[in-house]
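Here is what each chain is made of, one letter per residue.
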4 protein chains.
Amino acid sequence: MISQFETTARLLITCPDRPGIVSAVTTFLYHHGANVTELDQYSTDPTGGRFFMRLEFQTPHLDVSRATLKQAFGDVVGQRFEMDWRISFAADKPRMGILVSKHDHALMDLLWRWQRGELRVDIPLVISNHPDLREAVERFGVRFEHVPVDAATHAESEARMLSLLEGQADFIVLARYMRILSAGFVARYPHRIINIHHSFLPAFIGADPYKQAYERGVKLIGATAHYVTSELDQGPIIEQDTGRVSHRQAVPELRHLGRDLERQVLARAVRWHAEDRIIVDGNKTIVFA
Amino acid sequence: MISQFETTARLLITCPDRPGIVSAVTTFLYHHGANVTELDQYSTDPTGGRFFMRLEFQTPHLDVSRATLKQAFGDVVGQRFEMDWRISFAADKPRMGILVSKHDHALMDLLWRWQRGELRVDIPLVISNHPDLREAVERFGVRFEHVPVDAATHAESEARMLSLLEGQADFIVLARYMRILSAGFVARYPHRIINIHHSFLPAFIGADPYKQAYERGVKLIGATAHYVTSELDQGPIIEQDTGRVSHRQAVPELRHLGRDLERQVLARAVRWHAEDRIIVDGNKTIVFA
Amino acid sequence: MISQFETTARLLITCPDRPGIVSAVTTFLYHHGANVTELDQYSTDPTGGRFFMRLEFQTPHLDVSRATLKQAFGDVVGQRFEMDWRISFAADKPRMGILVSKHDHALMDLLWRWQRGELRVDIPLVISNHPDLREAVERFGVRFEHVPVDAATHAESEARMLSLLEGQADFIVLARYMRILSAGFVARYPHRIINIHHSFLPAFIGADPYKQAYERGVKLIGATAHYVTSELDQGPIIEQDTGRVSHRQAVPELRHLGRDLERQVLARAVRWHAEDRIIVDGNKTIVFA
Amino acid sequence: MISQFETTARLLITCPDRPGIVSAVTTFLYHHGANVTELDQYSTDPTGGRFFMRLEFQTPHLDVSRATLKQAFGDVVGQRFEMDWRISFAADKPRMGILVSKHDHALMDLLWRWQRGELRVDIPLVISNHPDLREAVERFGVRFEHVPVDAATHAESEARMLSLLEGQADFIVLARYMRILSAGFVARYPHRIINIHHSFLPAFIGADPYKQAYERGVKLIGATAHYVTSELDQGPIIEQDTGRVSHRQAVPELRHLGRDLERQVLARAVRWHAEDRIIVDGNKTIVFA
């Protein structure tokens, strides 16, 4: 479809399924001058299931302000169907904070795609527990903050990071950030922290998955982007991919090959999140890609 | 989604895009007791484009007969928006005729999937220009007709095939049928003949694509399922896939490897056609998979 | 390469790496009139590693009998380099016994490929703990034996199976055999029992992996062929593949989609085993594919 | 395998097949203190075919100089078997010149992989017919030369480029260079100019392949790395890959998605060329990957 970013709005809905929802939603929008240009709907069960919908509409002929539209939608449609819902406007780019350690490939790839306009986000800052990547980040015109983290100062470091992110970032990407975030930190950004894990989860949870993969002798390596929850590597999976390897690749080659998988899987997950294409349902995701 | 085949209906729509279509369609269905359980919509352009939609709904609580529902939809919604539209009921299985020559892998795979219930179609008959596969087909309880075809009798052979298919088959699958159908034959089943071509079209049109692929030294071989039109291998593409090869594979090995691609690509295309997931738009397909 | 099955021999070697091995092996063969047509070699480390090699040679001009060639190779080359080695002749097809329960897709696919000449093996018999597949198997001209297995008679059933296989099967394929073989049974066929597990191992070990996959919300499902050892789903992996799924596929659809993966992964593993392309190294495989 | 770059040498051989070649080659190396650590061999036909081999060996215990080794190999082995052969030493990095126009993704990806040590080459210079990418290139410490090209001055521009490359570059990569090189230019670097074409060749030869792909309605897009010959997009294919698209992706989205394919396909082709893994055989490649 030909994108008209300035005028595109998105509506995401979760609610108990019952007849009449699509009709009510689309009739409401039609009466307010919105033109639906993309709609994807899914129900877990025709009777008694959950209803999920993503919808894009065009706003040039809205008969009310955006704020009024939201207010009215909640009053007229949302309450009636007990919806969790969210309307966003593509022109209001979400703000993405990035946490990174020393491996720069996932970070560089995000910055690069962002610079080319492939990712419609703002990047207020990159935080790292190492100083190494400052120059590479600042070259893109992006703010870099070094927040050292060690066992003794972990709580203070996280507090420092949170104060940097507060009011600045709508969601956070862990672009190979090698420290485990505390449950308290995670709770501040529920389903708004995206991690890239360098394995096909749930295989090879935890440290050094390429080494684990090598030792198990798998014939494919993988990468998984998921939302972070308080349980390590257990959050809702957003996207995964795999690549073929053989006995010839030792751990360093797996790391090389894995970088390409990580970059692509993470980029897709971030784009879907930024375009409001993901609904979290329990510990799973519905992705309207 | 949990499938409820007996009660599922599908609505396919193509029309000029304009505001209010989704609202009108879904409100119509709601008022007649239909519950929408899946909806996929696509517009080529937010202003002045074409509108395409596929929708599944449940029929247990319809307040009118199926025939009346269709009649009313045409009168109330279809005409208003200048729609090409089609309502089908999953319980009314489409009837699939199969044409085949000597290679049996695509045919066997279709019969097998059908026997397991993966393909919701009836198979009234298989026609072949060779007698070889009679036993293999009849073993599945499917009628087999041998219609010899040669240059001199081509027109008569086609007439014989058409008389066998007439009133028996809603669509036709060429499961490695090695004769070119005449324009007249094709015109009787517009966008209702599916062919599997053993290359990644538009590369290697025509005869012996694996030989062509070998001679060009490609590193991937492919398979393409497409609707047959009067131009050889030029019809709307439904599905494609590729598989990796190397210098070590000569033509016979390419044929072996290609069989797996052909079987899977054809099976997907047939399933999508049988489930009314495909809209032909010019020389392309919209596939709501 | 143009295959000349009747005259092709294969040599598989594992030994400590040191200079001169390839030279000694190929010079030995050359002096006995063998022509090397394919050679693949791999060392884990240039100094102090393990050496692995697979070699195909043509036998029409051998100056000694096959038996003498083997004897001489062991005396002249094998002992000198402390080799584990094996020479086989393509014309001597390995005999493959198959164990199956009720799911027939993996079994049918093997029989089908075998019938077409894609798998160069003999199939002396298929054993099942259910009687259901008798007719489907016998239709291929293959012997079928029903050996019921329940908890109380497990030992006797295994004894019965072993007596059926003894002297008949060189290796065994578990084509969705849903019973766990005892350590004693497995020990009789070390690295000669191939299982197809319907997940991307090591994810989803054990029962009903598609259900496990669904519940974890993965975006890819997988299949793994591996040699059976006494530890469940822990043996050396031969081959794996994955396929994309989404939130729309519930467990039954995952099973459908998974069948295609299982069939292909198992077929590749069996072919490689039958063509002597696999060396087991600890709990991993070297596959010269 | 654990890489020992400083001490690794590679030998590439093409010759008429006949018995004794592997034995002669490996015995020669063994007698001069070389330890073979990887060997891959392939014959087109067991009788009367062509023989191809790639071999890696370790040099720490060579009993002669590298120059003498080459001289002796040619005299003792090469002539006897009428070989085309080449010995290279991994420590002598090949020098890669890059030509680019305005699209920077393929270029940036190469520079990036080079900076991380994934590509073992030197990059003496990047030449562009546009000035735009100077800063991006120089940031990597690589020389950038702007050589404007227009129809009137094409010959002079090529002469200028050749004089810049002469003695500086062992091979050339066209990282989305949008001008057609003259036959004269190409003849200076036979099988040493690698181009990335943004389609699955031979489909969509020539200009704007993504537009051609969109118009044909393919379900996969592709990328092809090939050696440049005097016929446009007809040279020997080194590597290809494809990615899935749907009716939803218009030409701009195909371009976005295609970038990832182009980057990866080109990177693999360049790495294989740099590691002497490719033999050109007529209009095809043998890739010992």
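The name given to chain A in an unreviewed UniProt entry is Formyltetrahydrofolate deformylase, with Stigmatella erecta as the source organism. In UniProt, chain A has this text filed under Sequence similarities (unreviewed entry): "Belongs to the PurU family." Looking at chain A in UniProt, the text filed under Pathway (unreviewed entry) is "Purine metabolism; IMP biosynthesis via de novo pathway; formate from 10-formyl-5,6,7,8-tetrahydrofolate: step 1/1."

Caption draft 1: Quick peek at the packing of helix α1 (residues 21-31) of chain D against helix α2 (residues 66-78) of chain D. Residues and elements named next belong to chain D. Two elements in contact, α1 and α2, have axes separated by 11 Å at closest approach and are oriented at 145 degrees. Here the hand of the crossing between α1 and α2 comes out right-handed. Contacts between α1 and α2 involve A24, V25 and F28 on the former and, on the latter, L69, A72, F73, V76 and V77. Classifying every residue of the contact of α1 with α2 by side-chain character gives eight nonpolar, no polar and no charged.

Caption draft 2: Spotlight on the interface of chain D and chain B. Taken residue by residue, the interface counts 34 residues in chain D and 34 residues in chain B. Its largest share of buried area at the contact with chain B, chain D owes to D:R216, D:K219 and D:H247, together 25% of the area lost on that side. The interface formed by chain D and chain B includes six salt bridges. Ionic pairing is found between D:E239 and B:R244, a salt bridge with its closest N-O pair at 3.1 Å. Along the contact surface separating chain D from chain B lie 25 residue pairs in polar contact (both at pLDDT 80 or more). Of all the secondary structure elements, the ones that give two or more residues to the side of chain D that touches chain B are β2 (35-43), α7 (209-216), β11 (237-244) and β13 (284-287) of chain D. Residue contributions to the side of chain D that touches chain B peak at seven residues, all from β11(D). Of the residues contributing to the side of chain D that touches chain B, the split by class is 14 nonpolar, nine polar and eleven charged.

Caption draft 3: Structural context of the packing of aromatic side chains. Taken as a whole and judged by the stated rule, the model has 20 aromatic pairs over all chains. Centre to centre, the rings of B:F28 and B:F73 are 5.4 Å apart; their planes meet at 75 degrees, and the pair counts as edge-to-face. Here the residue B:F28 occupies a position in helix α1 (residues 21-31), and B:F73 occupies one in helix α2 (residues 66-78), the gap between them amounting to 45 residues. Like B:F28, the residue B:F73 is buried in the burial classification. Summarising the aromatic geometry, the rings of B:W112 and C:W112 are spaced 4.9 Å apart at their centres and angled 90 degrees between planes, so their arrangement reads as edge-to-face. One end of the pair, B:W112, is in helix α3 (residues 105-115); the other, C:W112, is in helix α3 (residues 105-116), on a second chain. Cluster of aromatic residues (ring-pair linked, three or more members): A:F28, A:F73 and A:W85.

Caption draft 4: Structural detail: α1(B). Across the eleven residues of α1(B), nine count as buried, placing the element largely inside the fold. Inspection of α1(B) places B:I21, B:V22, B:S23, B:A24, B:V25, B:T26, B:T27, B:F28 and B:L29 among the buried residues, and these make up the whole buried set. Buried residues belonging to α1(B) abut α1 (21-31) and β2 (35-43) of chain A together with β1 (8-16), β2 (35-43), β3 (50-58) and α2 of chain B. Remark: B:G33 follows α1(B) within two positions and exhibits a positive phi of approximately 85 degrees.

Caption draft 5: Quick peek at the relation of the copies chain D and chain B. In screw terms, the move from chain D to chain B is a rotation of 180 degrees and a rise of 0.0 Å along the axis, fitting with an RMSD of 0.0 Å. This pairing of chains is accounted for by a two-fold axis. No C-alpha of chain D approaches the rotation axis more nearly than that of D:A203, which lies at 2.3 Å. Interface overlap between copies is the fraction of interface residues in one copy that are interface residues in the other; for chain D against chain B it reaches 100%, indicating a shared surface.

Caption draft 6: Region of interest: the sheet that holds strand β6 (residues 125-128) of chain A. Residue and element names in this part refer to chain A. Spatially, β7-β6-β5-β8-β9-β10-β11 is the arrangement adopted by the seven strands of the open sheet, whose pairing is mixed. Only two strands of the sheet have a single neighbouring strand rather than two, namely β7 (143-146) and β11 (237-244). Across this sheet, the average inter-strand angle for adjacent strands is 15 degrees, counted without regard to direction. Where strand β10 (residues 220-227) and β11 come together, seven bridges link them in antiparallel fashion. Residue pairing across strands places A225 opposite E239, the latter belonging to β11.

Caption draft 7: A look at the pairing of strand β2 (residues 35-43) of chain C. Taking burial as the measure, the nine residues of β2(C) include nine buried ones, the bulk of the element. Bridge analysis of β2(C) against strand β3 (residues 50-58) of chain C gives eight bridges, and the strand direction is antiparallel. Note on β3(C): the bridge partner recorded for C:Y42 is C:F52. The loop that links β2(C) with its antiparallel partner β3(C) comprises six residues; one of these, C:G48, has a positive phi angle of about 80 degrees. Both β2(C) and β2(D) contribute to a ladder of five bridges, which runs antiparallel. Note that in β2(D) the partner of C:Q41 across the bridge is D:L39.

Caption draft 8: Region of interest: the environment of D:A267. All names here are of chain D. In this structure, A267 sits in helix α8 (residues 251-274). Taking the C-alpha atoms as reference points, A267 and D109, separated by 158 residues in sequence, lie 7.8 Å from one another. Setting aside anything within four residues of it in sequence, one finds A267 in contact with D109, L110, R113 and L119.

Caption draft 9: Representation of the side chain of C:E262 in the model. Residue and element names in this part refer to chain C. Along the chain, E262 turns up in helix α8 (residues 251-274). Among the polar contacts listed, one links the side chain of E262 to the side chain of R176, at a separation of 2.8 Å. What E262 contacts, discounting residues up to four positions off in sequence, is H105, R176, I196, H198, Y210 and A223.

Caption draft 10: Structural context of the sheet that holds β2(A). Pairing in this open sheet of eight strands is antiparallel, and the strands run β4(A)-β1(A)-β3(A)-β2(A)-β2(B)-β3(B)-β1(B)-β4(B) from one edge to the other. In the strand order of this sheet, the two ends are held by β4 (84-89) of chain A together with β4 (84-89) of chain B, each with one partner. For this sheet, the mean inter-axis angle between neighbouring strands, taken without regard to orientation, is 15 degrees. Sheet contacts for α2(B): β1, β3 and β4 of chain B; angle to β4(B), the most-contacted strand, approximately 160 degrees.

Caption draft 11: Here's a closer look at unusual backbone geometry. In this model, A:L201 is joined to A:P202 through a cis peptide bond whose omega is 10 degrees. Here A:P202 is to be found in the loop between β9 (193-197) and α7 (209-216). Despite not being glycine, D:D208 has its phi angle at roughly 50 degrees, a positive value. Turning to its location among the elements, D:D208 is positioned in the loop between β9 (193-197) and α7.

Caption draft 12: Summary view of the domain arrangement of chain A. Residue and element names in this part refer to chain A. Domain boundaries in chain A define domain 1 (5-89) and domain 2 (96-287). With centres defined by C-alpha atoms, the gap from domain 1 to domain 2 works out at 31 Å. Taken residue by residue, the interface counts 13 residues in domain 1 and nine residues in domain 2. For the domain 1 and domain 2 pair, buried surface summed over both sides reaches about 980 Å², with 53% attributable to carbon and sulfur atoms. Put simply, domain 1 and domain 2 have three salt bridges between them. One salt bridge connects E38 with R277, and the closest N-O pair in it is separated by 3.8 Å. At the junction of domain 1 and domain 2, the tally comes to five residue pairs in polar contact (both at pLDDT 80 or more). Mapped onto the side of domain 1 that touches domain 2, the elements with two or more residues apiece are β1 (8-16), β2, β3 (50-58) and β4. When grouped by side-chain class, the residues that make up the side of domain 1 that touches domain 2 number six nonpolar, two polar and five charged.

Caption draft 13: Just the relation of the copies chain C and chain A, in detail. For the pair chain C and chain A, the superposition axis carries a translation of 0.0 Å, the fit reaches an RMSD of 0.0 Å, and the rotation angle comes to 180 degrees. Comparing contact sets, 100% of the residues at the interface of chain C also lie at the interface in chain A, consistent with an isologous, same-surface contact.

Caption draft 14: Examining the UniProt feature "active site" (unreviewed entry) in chain A more closely. Per the UniProt annotation, the sites labelled "active site" (unreviewed entry) are A:D233. Following the sequence through the fold, A:D233 ends up in the loop between β10 and β11. The buried category is assigned to A:D233, whose relative accessible area is 6%. Those residues in contact with A:D233, other than ones at most four positions away along the chain, are A:N195, A:H197, A:L201, A:I205, A:G206, A:H226 and C:R216. For A:D233, the side chain forms a polar contact with the main-chain nitrogen of A:G206, separated by 2.9 Å.

Caption draft 15: Region of interest: the packing of helix α8 (residues 251-274) of chain B against α3(C). Put simply, α8(B) and α3(C) touch, their axes get as near as 13 Å, and they point 135 degrees apart. Taken together, the axes of α8(B) and α3(C) are oblique relative to one another. The handedness of the crossing between α8(B) and α3(C) comes out as right-handed. Two secondary-structure elements touch here, α8(B) through B:R259, B:D260 and B:R263 and α3(C) through C:D109, C:W112, C:R113 and C:R116.

Reading the values: the criteria
Residues numbered from 1 in each chain as written. Chains lettered and ligands numbered in written order. Predicted model: local features only at pLDDT ≥ 70, side-chain atom pairs only at ≥ 80, totals over all residues. Heavy atoms only, no water. UniProt positions renumbered as here; feature names shortened; annotations may be inferred. Axes fitted to C-alpha atoms, helices over the stretch in contact; angles between N-to-C directions. Helix = DSSP H or I, 4+ residues; strand = E, 2+ residues; numbered from the N terminus. Left-handed = near helix turned anticlockwise from the far one by under 90°. Contact = heavy atoms within 4.5 Å. Nonpolar A, V, L, I, M, F, W, Y, C, P; charged D, E, K, R; others polar. Buried area = accessible area lost by both parts, 1.4 Å probe. Salt bridge = Lys/Arg side-chain N within 4 Å of Asp/Glu carboxyl O. Polar contact = N/O pair within 3.5 Å; in protein donor to acceptor, adjacent residues only side chain to side chain. Phe/Tyr/Trp six-rings, centres within 6.5 Å; stacked < 30°, edge-to-face > 60°. Buried < 20%, exposed > 50% of the residue type's maximum accessible area, 1.4 Å probe, protein only. Least-squares fit on C-alpha atoms with pLDDT ≥ 70 in both. Pairing = 2+ DSSP bridges. Domains from an automatic or database assignment. Parallel < 35°, antiparallel > 145°, perpendicular 65-115°, else oblique.

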